[in-house]
Amino acid sequence: MGHRVILGNVLLFIGLGLTTLIFWPLPLLHGRKPYTLLAFALMLPLQFPQALAVSGYRNPNNPIFRCGLLIPRVLTGMAMGFANINQLPTLFDLFGCSLMSEAPHQEMVSADDIRRQGGGVGIWLGIWSFCFTGSLSIGFCIGACIISGLDPSWGFYVVVVLLAFFLLVNVIAPETRRAPYRRSIAHFFDDSEPDKLKRRVARGEVKLHIENEGPKWWFQEVWAGVVLTKRMVCQPGFFVLMVYIAWIYAQVTLVILLLGALLSREYTWQPQYVGLAALSLAIGAFFALPLAKASVFSRSRFTPQRTDSMTMRAPRLTWSSHLMRRCMFTLLLPFAGLAYTLSAPGPSISWVSPTVFCGLVGFLSNLAIAECVGLIMEVFDTCDLQPGVNQKHRLESMTETTRRRRTNYSSFPRVCAGFFAAQSLGFFFAAASTGVSGAVTRALGAQQAVAVVAATLLVITVLFMCAMFRYKQVQVIPSGVFDRATRKGSIAWGAGAEDPEWRPVIIGNPSGKMRRVNLLELGALTRWTEIRRLNKLWRK
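Not measured: the values here are computed from a predicted model.

Calculation rules
- Residues numbered from 1 in each chain as written.
- Predicted model: local features only at pLDDT ≥ 70, side-chain atom pairs only at ≥ 80, totals over all residues.
- Heavy atoms only, no water.
- Helix = DSSP H or I, 4+ residues; strand = E, 2+ residues; numbered from the N terminus.
- Buried < 20%, exposed > 50% of the residue type's maximum accessible area, 1.4 Å probe, protein only.
- Contact = heavy atoms within 4.5 Å.
- Areas by Shrake-Rupley, 256 points an atom, 1.4 Å probe, with all protein chains shown as cover.
- Salt bridge = Lys/Arg side-chain N within 4 Å of Asp/Glu carboxyl O.
- Pairing = 2+ DSSP bridges.
- Patch = residues over 30% accessible without salt bridge, like charges linked within 9 Å, V, L, I, M, F, W, Y side chains within 5 Å.
- Expected span 1.5 Å × (residues − 1).
- Core = buried A, V, L, I, M, F, W, Y, C linked by side-chain atoms within 4.5 Å.
- Axes fitted to C-alpha atoms, helices over the stretch in contact; angles between N-to-C directions.
- Parallel < 35°, antiparallel > 145°, perpendicular 65-115°, else oblique.
- Left-handed = near helix turned anticlockwise from the far one by under 90°.
- Nonpolar A, V, L, I, M, F, W, Y, C, P; charged D, E, K, R; others polar.
- Phe/Tyr/Trp six-rings, centres within 6.5 Å; stacked < 30°, edge-to-face > 60°.
- Lys NZ or Arg CZ within 6 Å of the ring centre and 35° of its normal.
- Polar contact = N/O pair within 3.5 Å; in protein donor to acceptor, adjacent residues only side chain to side chain.

A closer look at the overall build of the protein
For the protein, the count of helices and strands is 18 helices and four strands. The buried share of the protein, reckoned over its 540 residues, is 50%. Within the protein, contacts between residues separated by at least 24 positions form 78% of all contacts whose residues are at least 6 apart in sequence. As presented, the protein carries roughly 24,900 Å² of accessible surface, and 65% of it is formed by carbon and sulfur atoms.

Set out below in C-alpha cells:
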C-alpha cells in the first residue's frame, strides 16, 4: 500500500477533531456518562475490522481491504471525540474552572467569591496536560513493543481489552452531570405582556448563554455551540493563543514520528527500542506535573500583596514571578525543538542527545499546555458575573439582552468553547503533520523537517508573548465609586448614578479604577470586558 497506510492515523485525528469542534455541547443536554459509554461501545467493535485488515498480507490495490482499514479508522476517531468532549469538562464539574485558589493570580482572596467553590487550580490540570501530550508517546511505545514480536493485529486486540476495561469503569463511576434532573431556570419578560415576569425551565446551557430561550432540539444546542465558538475564535488575542496550543500539539506529534524514523533508519534499531526511546517525551512531561500547581514558585511566598493592584505593580521583577516563568518555558520550547534538530544528524552523534531533547520537548510542552488552559480559565471564566449567581448585581447593571434572564451557569460555556476550538485545531494540525511527515522527511530530511516546525513555533511564540504583554490601561470601575473615601458596601457606593438601584460590579479588593490589560483580555467575551459592560464602561 506504499505510504498511503499512514492515512489511517490522519483520518483518526480528523474524525477526533470534527467531533470535538461540533458536538461538545451535547453532554449538557443528555449528561456526560451516556456519551462516554456510547464512545467506548462504538470504538470496541470497530477494532475488529482493522485487526482483520492487517492480520496478513493484503493486496494494496484492492479497495476492499483499504476501505476496511480506513473507514473504521475515521469512525473510531469520531467515536473517540465523544469521549474526549467529556474529559476536561468532567474535571471542571469536580474542581471548578477558576484560578481562585488560596493565592490567586492578580486578585486578592474574597471569601464570598463563588469561583472558589471548586477549590481552584491544582495538580489535576498537570495530570490532564500529561495525558494530552504524553499519551501519544506512551501509545507509540506500546505499539512498537507489540509489533516487535507479534502480528500487528494484536495491537487492535490490546485496544479491545483496554476499551472493555474502561467501559466497565465508566459503568460503575457516578455521573458528574445528571442531565435528566438538571434544568436551567430562565426568567424573562414577554413582549405581549411586558409587565409580567415569566419563568421558563430549559435544558442545556450554551443556547441560554447567547439567547433568551433554551433548545427544543439537540441540534439547536449544537448550533449555539458553533456560534459561541466562532465568537471566541474571532477575538485576536484568543486566536493567537489557539494557534499556539494547536502548533505545540503538532510539534509533539512530529517529534515522536521523526525520532522513530531517525532511530529505525539511521541507527537501525529494533522497534521495541525505538518505542522505549520515544517514551522519553512522556517521561519529560511526567516531571512537569508538580509544576502545574504554582504554590512552589508563588510570589506570595516572596512578597505578599495587600491589594489587587500590588499584584500588577510589583516593586521589582523576581525570578519566581508568573511573567518570568511564562517567558522562560515558552521561549525554551522552540529552542528545545531546534536543539533536537541539531542533535539528530545521524549515527555520528550518540542516540542519547536526540532522546534527551525529545524529553525536554515533552517537559516544556506539558508546562505550556497547562499554562494556556489556565489562561483560558482565568480570562473567560464569568460564572460569578451571570445573573442569578451573584445577587450583589442589580438587573440594571446587566445588558438589555441579559437583564431579562436569570440563569445559573455551571458548564463554563466560554471556557469550553475556546478550549475545544484550540484542541480541535491541534488535532487537525496533528493530522497534517502525520500525513506530511514521511514526505517531508524524504524530501528535506528529518533534521530540516523539525527545524521548520520549531522555527514556526518560535514565530508563534513571539506573537503569543506580544498578545500577553499588557500595553493598555482601561477603566474597570466607574468614576465616583471611591470618592470621599467610600469603600465597597458603604451607603455612598452608588452615589452619582442615574438610577439609585444600580450598583457597580467590584471584584476583589481593588485600590484603583484602572487596570492594565493585554490583547487577550481586550476580547469581547473576556471576564474584564464583561465587568466593564456591567459597569457601563464598554462600547462596541
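Quick look at the pattern of salt bridges
Scanning all chains against the criterion turns up five salt bridges. Here R470 makes a salt bridge to E521, at a shortest N to O gap of 3.0 Å. Of this pair, R470 sits in the loop between α17 (446-468) and β3 (472-475) while E521 sits in the loop between β4 (514-517) and α18 (527-534); the two residues are 51 residues apart in sequence, bridging distant segments of the chain. For R470, a relative accessible area of 18% translates into the label buried. For E530, the salt bridge is made with R533, and the minimal N-O distance between the two is 2.5 Å. Taken as a pair, E530 and R533 lie in helix α18 at a separation of three residues, close to a single helical turn. Note on E530: relative accessible area 7%, which makes it buried.

Looking at the pairing of β4
A one-sided burial pattern is seen for β4, the buried positions being R515 and V517 and the unburied ones M514 and R516. Sheet topology note: the β3/β4 ladder contains four bridges and is antiparallel. Within β4, the residue paired with Q475 across the bridge is M514.

Describing a nonpolar patch on the surface
A contiguous nonpolar surface patch, about 410 Å² in accessible area, is contributed by V158, L162, F165, F166 and V169. Its location among the elements puts V169 in helix α7 (residues 153-172).

Quick notes on helix α15 (residues 352-380)
Helix length check: α15, at 29 residues, gives a terminal C-alpha distance of 42 Å against a target of 42 Å (1.5 Å per residue), a fit within 8%. Burial within α15 is extensive, with 23 of its 29 residues counted as buried.

Some thoughts on unusual backbone geometry
Although it is not a glycine, T268 sits at a positive phi angle of roughly 50°. In this fold, T268 is placed in the loop between α10 (236-265) and α11 (271-278). Judged by its relative accessible area of 59%, T268 falls in the exposed class.

Notes on the environment of A224
Among the structural elements, A224 can be located in helix α9 (residues 218-233). Take A224: its relative accessible area is 3%, and that puts it in the buried class. A C-alpha to C-alpha distance of 9.5 Å links A224 and E205, two positions 19 residues apart in sequence. In this structure A224 touches V206, K207 and I210, once residues within four positions along its chain are discounted.

Side note on the nonpolar core
Ranked by size, the top nonpolar core spans 74 residues in total, and within it F92, L241, Y244 and F380 carry the most contacts. Take this core: its biggest share by element is 13 residues, from α15. Residues in contact with F92, not counting those within four places in the same chain, are C97, W124, M377, F412, V415 and C416. Judged by nonpolar contacts, the second largest core, of 19 residues, contains L263, A278, L281 and Y340.

Some details on the packing of α10 against α15
One can describe the packing of α10 onto α15 by two numbers: an axis separation of 10 Å at closest approach and a directional angle of 160°. Considering the angle they form, α10 stands roughly antiparallel to α15. In this structure, α10 crosses over α15, and the sense of that crossing is left-handed. On α15, the residues that touch F238, L241, Y244, I245, I248, Q251, V252, V255, L259 and L262 of α10 are P354, C358, V361, S365, A368, I369, C372, L375, I376 and F380. Split by residue class, the contact of α10 with α15 holds 18 nonpolar, two polar and no charged.

Regarding the packing of aromatic side chains
Evaluated as defined, the whole model comprises 24 aromatic pairs. Note on F286 and F287: the rings are 6.2 Å apart at their centroids and 70° apart in plane angle, and the pair reads as edge-to-face. Assessed through its relative accessible area of 47%, F286 is described here as partly exposed. In this structure, R515 is placed above the aromatic ring of W528, and the distance from its NZ or CZ to the ring centre is 3.9 Å.

Section: the side chain of T341
In this fold, T341 is placed in helix α14 (residues 322-342). Accessibility expressed as a relative area gives 8% for T341, which makes it buried. From its side chain, T341 meets the backbone oxygen of G337 in a polar contact 3.0 Å long. Within polar-contact distance, the side chain of T341 engages the backbone nitrogen of A451 at 3.4 Å. Excluding its chain neighbours within four sequence positions, the residues that come into contact with T341 are Q447, V450 and A451.

Focus: the packing of helix α6 (residues 123-149) against α15
Contact pair α6 / α15: the axes reach a minimum separation of 9 Å and the direction vectors enclose 125°. Classified by the angle between their axes, α6 and α15 sit oblique to one another. Considering only the axes of α6 and α15, their crossing is right-handed. Facing α6, whose interface residues are W124, L125, G126, W128, S129, F130, F132 and T133, α15 presents N366, I369, A370, V373, G374 and M377. Broken down by class, the residue content of the contact of α6 with α15 amounts to nine nonpolar, five polar and no charged.

Topic: the environment of V240
Positionally, V240 belongs in helix α10. Assessed through its relative accessible area of 17%, V240 is described here as buried. Not counting residues up to four positions away in its chain, the partners in contact with V240 are L463, F464 and A467.

Remarks on helix α12 (residues 280-287)
Residues of α12 that are buried: S280, L281, A282, G284 and A285. The inward-facing, buried residues of α12 abut α6, α10, α11 and α15.

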